[in-house]
Structure formats: structure tokens, C-alpha cells
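Here is what each chain is made of, one letter per residue.
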Amino acid sequence: MRAVLVINSGSSSFKYQLIDSDSEQVLASGLVERIGDENSGITHTVEGTKHRRELEIADHTAGFAAMMDAFSEFGPSLQDDPPTVVGHRVVHGGQRFFEPTIITDLVKINIEDLSELAPLHNPGGLQGINAAQQQFPDIPHVAVFDTAFHQTIPAAAYTYAIDRAVAERHRVRKYGFHGTSHQFVSGAAATFLERPLADLRQIVFHLGNGASVTAIDGGKSVETSMGMTPIPGLVMGTRSGDVDPGVLLHLMRHARMDVDDIDNLLNKRSGVLGLSGHTDMRDLSDAIDAGDDKAREAFDVYIHRLRLYLGAYASVLGGVDVIVFTAGVGENSDVVRAAVLEKAGFLGVRIDPERNAVRSHDARRISTDDSAIDVLVVPTNEELEIARQAVAAIS
Ligand code: AMP
């Protein structure tokens with residue numbers, strides 16, 4: 001058996017999965033959380049049973065030691081049967097990393113340098129890499145970048161129309177995120193339809209707490225809604241999505257907001273939360289049912305933005321063969337899916353309400369058999385995609 005350990009590190013937590021790369025089964029998974037906090041702990045899940053341990057975890061190195069102990073105690077033992085490769089999610093690969101990359105000291109220097117573009121994400125990823133390398137010094141470690149899938153976006157789409165010299169000096173351009181998810185889901189959609197990926201023009205809506213939409217032509221990303229940072233595009237749980245940049249100048253001039261205030265506003269106090277007081281789409285739905293006008297308005301803003309991007313991306317692709325919904329909201333909310341496509345009949349989209357209402361963990365079609373565009377729900381699996389890419393990188 002060839003097992004892959006997949007690590008998704010944040011600044012104060014990391015998720016892990018041990019995946020059998022032959023059967024693609026998850027052998028164990030877990031979460032080390034609140035690193036450096038007094039309430040730190042680990043949850044390790046194996047064979048459907050969750051094991052929780054509260055213990056002091058001062059840093060990522062201690063977190064990996066706790067993970068190793070959990071594997072020893074609850075199985076499967078990594079001491080007896082170490083993974084063949086460790087795959088790490090890294091958020092920002094800038095213009096340097098186009099594909100999964102075996103991690104060397106030079107690669108780490110580059111990831112650190114790219115922290116300027118992803119200050120909230122790359123430093124945590126690097127801490128996870130360092131701690132995992134200490135734990136598994138003799139095993140290859142592979143970085144899989146969120147931005148890499150979007151490296152095929154053409155210059156006409158990734159270029160912001162600002163002074164070229166300023167943009168080049170500060171690496172300002174669209175990079176795009178959620179690439180691992182968009183890549184996995186578009187591939188799985190082609191498999192589901194039993195059609196070659198190369199023949200399909202797809203629009204993939206990744207609607208989770210973070211949200212982005214990507215236009216994918218023949219398996220290649222050609223346009224995506226996030227930009228240099230994960231702020232623009234769709235309305236998200238707490239992030240604003242698109243805002244007139246002049247608004248920020250206005251707030252800096254007249255509301256005396258500084259850089260940190262604006263950062264906090266756009267990342268943490270905006271989106272569905274900023275408009276309604278709720279972050280979770282389920283809570284928003286409950287509030288709408290209870291007659292809350294602000295919640296209704298937040299939903300309308302959320303849906304309007306999705307419709308805008310659907311039309312824009314259909315035009316960028318010159319037509320659409322498949323529309324795919326994925327992630328927490330996309331996989332679970334038939335109401336959101338129906339609302340996004342309510343006016344898409346002119347494109348030839350026909351939704352089957354019964355199919356749309358089905359709840360399942362499997363890929364499924366929600367359009368009618370005579371719909372001109374196939375509309376699918378495809379559960380995302382970023383960890384599996386990272387495992388596949390890590391194995392491919394060392395093969
Ligand atoms: P993710 O970031 O992909 O884990 O998605 C998380 C989000 O999915 C949550 O904030 C919820 O808004 C949404 N979500 C999860 N389950 C449901 C559900 N049954 N109905 C509507 N939204 C859901």
C-alpha cells in the first residue's frame with residue numbers, strides 16, 4: 001500500500017488526511033486546532049470514530065508530535081508504516097509555481113517570499129512544512145498550490161488596467177485561488193458525463209465559506225473570480241467580493257480607516273455576515289423564513305452576484321456545456337442553485353426540481369435530460385486532489 005499524508009496548514013491549526021493512493025480511501029483524518037492557545041487539542045478520526053484529546057500544543061512541531069501520537073494510539077501506525085509522500089496545500093504560488101513541486105530549501109525560500117502576496121496564508125503553510133519535514137525527514141514533501149491551476153489564464157484576463165510599471169514592481173495581477181478544487185471538480189464532472197475533459201466548456205461554482213467561480217475550457221482555467229487576493233468576486237461568508245476600489249479611498253479619507261481597518265472590514269466583516277449578521281447559509285435561510293428583511297436582502301445580493309458571473313463567463317467561453325456546483329453551499333443548497341439559474345433559461349438551462357432536491361454525497365445531474373447545458377452537483381475533494389498530485393510529482 002502507498003499512503004499519502006495530506007497536510008492543510010493554517011496559522012493556528014492544520015488538517016490532515018492519510019489516503020491510500022491505490023484505492024483512494026481515507027485511512028484516517030484529523031484536525032489539530034488552536035495551536036498556541038490554551039484550548040488547543042486534536043481530533044483524530046479513524047473508521048468513522050472521532051477521538052478527541054485536549055492538550056497543550058505550543059507550535060506546529062508540537063502539533064505534529066500530537067498527530068503522531070494519535071496515529072500510534074488510534075491507528076494506523078505511521079511508525080510501522082510511514083507514508084510514501086507528504087502533500088502540502090500552499091495557498092500562493094505566485095508566478096513561480098505552475099505545478100506540484102517537490103519541496104527543497106529553495107522552494108521554501110520562494111514560498112516565504114510569496115508571503116507578501118498571501119500574508120494570512122503562506123506563513124502557516126510554511127510552518128506546517130517545516131514541522132512535517134522534522135517529523136518525516138526521509139520522505140519527499142510536495143507543495144500543491146491553490147493558484148497553480150489558474151496559471152493558464154491568459155494575460156487579457158489576469159491583467160489589471162493600472163500603471164504597468166507599478167503592477168510589475170509589486171507583482172500585481174490576478175492569480176486566482178481554490179485551484180485544487182476547481183481542477184478536481186471539473187475533472188470529476190467530465191468523468192461523470194463520460195465525456196473527454198478536452199471537449200467541455202465548464203463554469204464551476206465553488207460556493208463554501210470562501211467562494212469563487214472559474215471558467216474552464218477543455219480542462220484549463222481561462223478566467224476566475226478571485227484575484228491577486230482571495231477578496232474579490234463572489235459574495236462570501238465574511239469577505240466582500242467585488243467592491244468599487246474607490247469605496248476604499250473614500251473610507252480612508254472620510255471614515256479615517258487605515259490599512260488594517262480596511263483589511264478587517266473586507267475579510268472579516270463583509271459578505272453575508274456584514275449584510276445580515278449571519279455567516280452560515282443555513283442560518284441565513286432560517287432568518288429569511290422568520291421574515292428577516294436584512295437576511296432576504298443579503299441572499300438577493302449573494303444570488304445577483306452569481307448570476308452576473310454566470311453571464312460573464314458564458315460570454316468568455318463562447319458558450320457553456322456544463323455548469324457545476326460544489327463546496328458547502330453549492331453541494332447542499334438546492335435553493336441557492338435554483339435561484340442562480342432561475343433566469344438562465346435563455347442559455348438553454350432546464351433544472352429538474354426533483355433532481356435538484358436530492359441530497360447525496362455523490363456527483364449528480366440536476367438538469368433535465370433535454371437541458372442544453374448539463375448542470376451538475378459534484379462534491380469537491382481537495383485532499384484527494386493533493387494526494388493524486390503529490391504521487392504524480394514523485395513518480
Ligand atoms: P465549506 O467552506 O465548503 O466548508 O462550506 C461551508 C459553508 O457551507 C457553511 O458556512 C454553510 O453556509 C454552507 N452549508 C453547509 N451545509 C449546508 C446546508 N445543508 N445548506 C446550506 N448551506 C450549507
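Residues numbered from 1 in each chain as written. Predicted model: local features only at pLDDT ≥ 70, side-chain atom pairs only at ≥ 80, totals over all residues. Heavy atoms only, no water.

We apply this condition: UniProt positions are given in the numbering used here, feature names are shortened, and annotations may be inferred rather than shown by experiment.
Naming follows an unreviewed UniProt entry, where the protein appears as Acetate kinase of Branchiibius hedensis. Comment text from UniProt for the protein, heading Subunit (unreviewed entry), reads "Homodimer."

## Structural notes on the overall build of the protein
Under the convention used in this document: Secondary structure elements follow DSSP: runs of H or I no shorter than four residues count as helices, runs of E no shorter than two count as strands, and numbering proceeds from the N terminus. We compute the radius of gyration from the C-alpha atoms alone; for a globule the expected value is 2.2 Å times N to the 0.38, where N is the number of residues. Throughout, a contact is declared for two residues whenever any of their heavy atoms are within 4.5 Å. Each accessible area is a Shrake-Rupley estimate made with a 1.4 Å probe; only the visible protein chains count as cover when residues are assessed. Lys and Arg are tallied as positive, Asp and Glu as negative. Neither His nor the chain termini are counted. Charge placement uses NZ in Lys and CZ in Arg. For Asp and Glu, CG and CD serve respectively.
For the protein, the helix and strand inventory stands at 15 helices and 14 strands. The C-alpha radius of gyration computed for the protein amounts to 21 Å, which stays within 12% of the reference 21 Å derived for 395 residues, consistent with globular compactness. Considering only C-alpha atoms, the protein reaches an extent of 60 × 55 × 45 Å along its principal axes. Within the protein, residue pairs in contact and separated by at least 24 positions form 62% of the contacts whose partners lie at least 6 positions apart. Surface exposure of the protein reaches about 18,500 Å², of which carbon and sulfur atoms provide 50%. Distance between charge centres in the protein, computed from 35 positive and 54 negative side chains, equals 6 Å.

## Structural notes on the pattern of salt bridges
Spelled out, the test is: Between Lys or Arg on one side and Asp or Glu on the other, a salt bridge is scored when a side-chain nitrogen of the former is within 4 Å of a carboxyl oxygen of the latter. Exposure is judged per residue with a 1.4 Å probe applied to protein chains only, and the accessible area is read against the type maximum: over 50% gives exposed, under 20% gives buried, and values in between give partly exposed.
Applying the stated rule across the entire model yields 17 salt bridges. Across the salt bridge formed by arginine 2 and aspartate 22, the nearest N and O atoms sit 3.6 Å from each other. Residue arginine 2 is located in the segment before β1 (3–9), and its partner aspartate 22 is located in the loop between β2 (14–20) and β3 (26–33); the two are separated by 20 residues in the primary sequence. By relative accessible area, aspartate 22 is classed as exposed at 53%. The salt bridge partner of arginine 52 is glutamate 33, with a shortest N-O separation of 3.0 Å. Taken together, the residues arginine 52 in strand β5 (residues 49–54) and glutamate 33 in strand β3 connect sequence positions 19 residues apart.

## As for the side chain of lysine 108
Here lysine 108 is to be found in helix α2 (residues 105–113). We note that lysine 108 is buried and unpaired, the nearest opposite charge coming from aspartate 105 at a distance of 4.2 Å. Not counting chain neighbours up to four residues away, the residues in contact with lysine 108 comprise Ile103, Leu126, Ile129, Asn130 and Gln133.

## Remarks on the nonpolar core
Inclusion rule: Take the buried residues of types Ala, Val, Leu, Ile, Met, Phe, Trp, Tyr and Cys, join any two whose side-chain atoms come within 4.5 Å, and each joined set is a nonpolar core.
By size, the foremost hydrophobic cluster in this structure holds 43 residues, and its most contacted members are Phe205, Leu207, Tyr302, Ile323 and Val336. When residues of this core are traced back to their parent elements, those giving at least two are β9 (201–207), β10 (211–217), α10 (281–289), α11 (293–317), β12 (322–326), α13 (334–340) and β14 (374–377). In terms of residue count, the dominant contributor to this core is α11 (11 residues). In this structure phenylalanine 205 touches Ser212, Val213, Leu306, Leu310, Ile323, Val324, Phe325, Thr326 and Val340, once residues within four positions along its chain are discounted.

## Brief notes about unusual backbone geometry
With an omega of -15 degrees, the peptide bond between glycine 75 and proline 76 qualifies as cis. Structurally, proline 76 can be placed in the loop between α1 (60–74) and β6 (85–90). Even without a glycine there, the phi angle at glutamate 24 is positive, about 60 degrees. Along the chain, glutamate 24 falls in the loop between β2 and β3.

## As for a negative patch on the surface
Put simply, the rule is: Within the patch definition used here, like charges are joined within 9 Å and nonpolar side chains (Val, Leu, Ile, Met, Phe, Trp, Tyr) within 5 Å, considering only residues with over 30% relative accessible area and no salt bridge.
A cluster of like negative charges, contributed by Asp258, Asp260, Asp261 and Asp263, occupies part of the molecular surface. Looking at the element boundaries, aspartate 263 is found in helix α8 (residues 259–268). Of the residues examined, aspartate 263 reaches a relative accessible area of 35% and is grouped as partly exposed.

## Thoughts on the UniProt feature "site: Transition state stabilizer" (unreviewed entry) in the protein
Taking the UniProt record as the reference, the feature "site: Transition state stabilizer" (unreviewed entry) is found at His178 and Arg239. Its relative accessible area of 11% is what places histidine 178 among the buried residues. Setting aside residues no more than four positions away along its own chain, histidine 178 makes contact with Asp146, His150, His206, Gly210, Ala211, Ser212 and Met226. Sequence-distant contacts of arginine 239, that is, excluding residues within four places in its chain, are made with Gly210, Met226, Pro230, Ile231, Leu266, Asn267, Ser270 and Gly271.

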